[in-house]
Amino acid sequence: MELVATQDGFVGEMARGFTFQALGEVAAGFGKRLQAEGIPRVVVGHDARFLAREMAEHAAGVLGGLGLEVHLLQGPAPLPLFGFALRAKEAAGLYLTGSRRPFAFQGVKLRLGPGRLLPGKEVAPAPPPPPGPFAPLEARRDYLDHLRKSAQGLALKRGVVYLDAMGGAGGGILGQVLKRLEAPVELRELHPLPHPLFYGVAPDPRPEHLRTLRLLLREAKPPALGLALDGDADRAIFVCEQGKIIDGDHVMAALGLDSHAQGQLARATVVG
């Protein structure tokens, strides 16, 4: 299987189409596109998949070898945090993620800037240069402060939130936001730690993958709310009492809110 171009990058099966060599060539082609656009700075991030950190370091080295200013996000980072870093650094971005696909797949999302998706068909892979320098970037604290400020003023009610991060990159974020808000919410987490095999289930929050979460909500004492995130935490599914599932985009539309995952993570603390 070869790399498949997507609307914002490439995807492929690990060790077949998606290899270190293929990623290096994509990163080199992306870097040359940034140079042609006059974009000097790029942020690289990754999800929780197998070898994602090593692959992100490889891509960062290729981009650094082209003379770009490269910042590598530390640790598995949810896609919304990556977007936050692009805005903070006024940078382009390369993010390693297979999103909701099974663990055997990996992909790369390309951004010419915040919100500026670059389709894979517009990137010409190129021979990578010798690796160059890149700097570590720790943006989690600023991101959490941003989420806290976004949630200020909301009427946070006492209750229980069950969060299934599905072993993806979104684990730990909501709990830290609730702590910063001193919210009267009890958070109970399922699969909170990043897991390269996603605990044996594709990190896609479909009903058949959320049996435990739905069972907990059917048995939970009100008020209670369930929340599940996909592998890179850019998609949220809500589970109401009695185990009914509501797509996160529908919830955001009903609330009149931005469907951006930063808002989802911050506003999911509302219970009642």
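Before reading on, note that the structure itself is shown above.
Caption draft 1: Quick peek at helix α2 (residues 52–65). The end-to-end C-alpha distance of α2, which contains 14 residues, comes to 20 Å, matching closely the 20 Å that a straight helix rising 1.5 Å per residue would cover. Of the positions making up α2, those classed as buried are Ala52, Met55, Ala56, Ala59, Ala60, Gly61, Val62, Leu63 and Gly64. Lining the buried residues of α2 we find α1 (20–37), β3 (41–46), β4 (69–73), β5 (92–96) and β6 (105–113).

Caption draft 2: Region of interest: the pairing of β4. By the criterion of burial, β4 is predominantly enclosed, with four of the five residues buried. Alignment of β3 against β4, held across four bridges, turns out to be parallel. Following the sheet pairing, Val43 is matched in β4 by His71. Direction of pairing for β4 relative to strand β8 (residues 135–137): parallel, over a ladder of three bridges. Residue pairing for β8: His71 is matched across the bridge by Ala135.

Caption draft 3: View of the side chain of Asp204. By the secondary structure assignment, Asp204 is in the loop between β10 (185–190) and α6 (211–219). Exposure remark for Asp204: the relative accessible area of 11% places this residue in the buried category. For Asp204, the contacting residues outside a window of four places in its chain are Arg100, Met166, His209 and Arg235.

Caption draft 4: Examining the pattern of salt bridges more closely. Under the counting rule described, the total for this entry stands at 15 salt bridges. Between Arg33 and Glu37 there is a salt bridge; the shortest N-O distance is 3.0 Å. In this pair, Arg33 and Glu37 are both assigned in helix α1, four residues apart and thus about one turn of the helix distant.

Caption draft 5: Spatial organisation of the nonpolar core. Judged by nonpolar contacts, the single largest core of 33 residues is most densely connected at Val43, Leu73, Phe82 and Leu227. Of all the secondary structure elements, the ones that give two or more residues to this core are α3 (79–89), α4 (140–151), β9 (159–164), α5 (173–181), β11 (224–229) and β12 (236–239). For this core, the element with the most residues is α3, which contributes six residues. Formed by 30 residues, the second largest nonpolar core is a distinct cluster that contains Leu23, Val44, Ala56 and Val108.

Conventions used here
Residues numbered from 1 in each chain as written. Predicted model: local features only at pLDDT ≥ 70, side-chain atom pairs only at ≥ 80, totals over all residues. Heavy atoms only, no water. Helix = DSSP H or I, 4+ residues; strand = E, 2+ residues; numbered from the N terminus. Expected span 1.5 Å × (residues − 1). Buried < 20%, exposed > 50% of the residue type's maximum accessible area, 1.4 Å probe, protein only. Contact = heavy atoms within 4.5 Å. Pairing = 2+ DSSP bridges. Salt bridge = Lys/Arg side-chain N within 4 Å of Asp/Glu carboxyl O. Core = buried A, V, L, I, M, F, W, Y, C linked by side-chain atoms within 4.5 Å.

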